[in-house]
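Examination of the molecular architecture
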Amino acid sequence: SQLQFVFNEKWKSNVGMHYSAFRLNSTKAFEPRLNINYSINIKTEFSLSYGLHSQILPLPVYFVAKDDESRIVNNRNLGMNKAHHIVLSHQYELNNYTRFKTEIYHQQLFDVPVGNDENENYSIINQQFNYPTFALTNDGKGRNTGIETTFERFMHNNLYYIFTASLSDSKYKTPTSKWIDSRYNTKYSFIATIGKEW
């Protein structure tokens, strides 16, 4: 559900509510969303956005059993991952087909599935291959913070490109640990894509 309010030619806002339900374990989530845009002029725009986002886990996590003959399923009743997302962005259009955009973002994750006892340092945030066969609880946390800049030219005279550079920090925490770098904490990245059509 979403509504857009246009206050005048400079200010507008989007307000919404997202609902999801996972019937396997009757998990539900109501997620408010809010965005405010301010246009300085026809070329320059600022935006501030907030959203609560929930996510079910990969389905095998709910059904994977211990490595024995009991076939006990540990994680059928796990809740969803949740995160508060906040994004401040600035966009400047150089012309009708070229723009420069900057985003500063922070994501505060909670209810993240983590292990306990001998698996107390495990967090699903780091999951890469296979799936855990031990019990998880929704007691973990995570946070992602960063800034990203994008210089983009849409298709014009049969040429397009996009250059993106970012600085970021990604950490997670279990009930028994301090904040730890996640597997995906690359710190920085640069991506370039160029295309020409004949």
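What you are looking at is a predicted structure, and each value in this text was computed from that prediction instead of being measured. (Residues numbered from 1 in each chain as written. Predicted model: local features only at pLDDT ≥ 70, side-chain atom pairs only at ≥ 80, totals over all residues. Heavy atoms only, no water.)

Position of Asn25 relative to the elements: it lies in the loop between strand S2 (11-22) and strand S3 (27-39). Of note is the side chain of Asn25, whose polar atom sits 2.4 Å from the side chain of Thr27. Ignoring sequence-local partners within four residues, the contact set of Asn25 consists of Tyr62, Arg76, Asn77 and Leu78. (Helix = DSSP H or I, 4+ residues; strand = E, 2+ residues; numbered from the N terminus. Polar contact = N/O pair within 3.5 Å; in protein donor to acceptor, adjacent residues only side chain to side chain. Contact = heavy atoms within 4.5 Å.)

Below, the discussion takes up the pattern of salt bridges. Tallied over the entire structure, the rule returns eight salt bridges. Linking Asp169 and Lys171 is a salt bridge whose minimum nitrogen-to-oxygen distance equals 3.8 Å. We note a salt bridge from Asp169 to Lys187, for which the minimum N-O separation is 3.2 Å. Taken as a pair, Asp169 in strand S8 (residues 159-173) and Lys187 in the loop between strand S9 (180-181) and strand S10 (188-196) lie far apart in primary sequence, 18 residues in all. Bridged by salt links that share partners, the residues Asp169, Lys171, Asp181 and Lys187 form one connected network. (Salt bridge = Lys/Arg side-chain N within 4 Å of Asp/Glu carboxyl O.)

Residues in a regular strand project their side chains so that they alternate between the two faces of the sheet. Of the pairings in the sheet, the one linking strand S6 (residues 98-114) to strand S7 (residues 137-156) comprises 15 bridges and is antiparallel in character. Residue pairing for S7: Arg99 is matched across the bridge by Glu152. Examined bridge by bridge, S7 and S8 share 14 bridges and lie antiparallel to one another. By the bridge assignment, Lys141 is partnered in S8 with Lys173. Here S7 folds back onto S8, and the loop between the two strands holds two residues, one of which, Asn157, carries a positive phi near 50°. (Pairing = 2+ DSSP bridges.)

Our focus in this paragraph is the packing of aromatic side chains. Each pair of aromatic rings is reported with the distance of its centres and the angle of its planes. Counted by the stated rule, this structure contains seven aromatic pairs. Taking 6.4 Å as the distance between ring centres and 10° as the angle between the ring planes, the aromatic pair formed by Phe5 and Phe7 counts as stacked. Assessed through its relative accessible area of 39%, Phe5 is described here as partly exposed. Between Tyr122 and Phe134, the aromatic rings sit 5.2 Å apart at their centres with planes inclined by 90°, giving edge-to-face as the arrangement. (Phe/Tyr/Trp six-rings, centres within 6.5 Å; stacked < 30°, edge-to-face > 60°. Buried < 20%, exposed > 50% of the residue type's maximum accessible area, 1.4 Å probe, protein only.)

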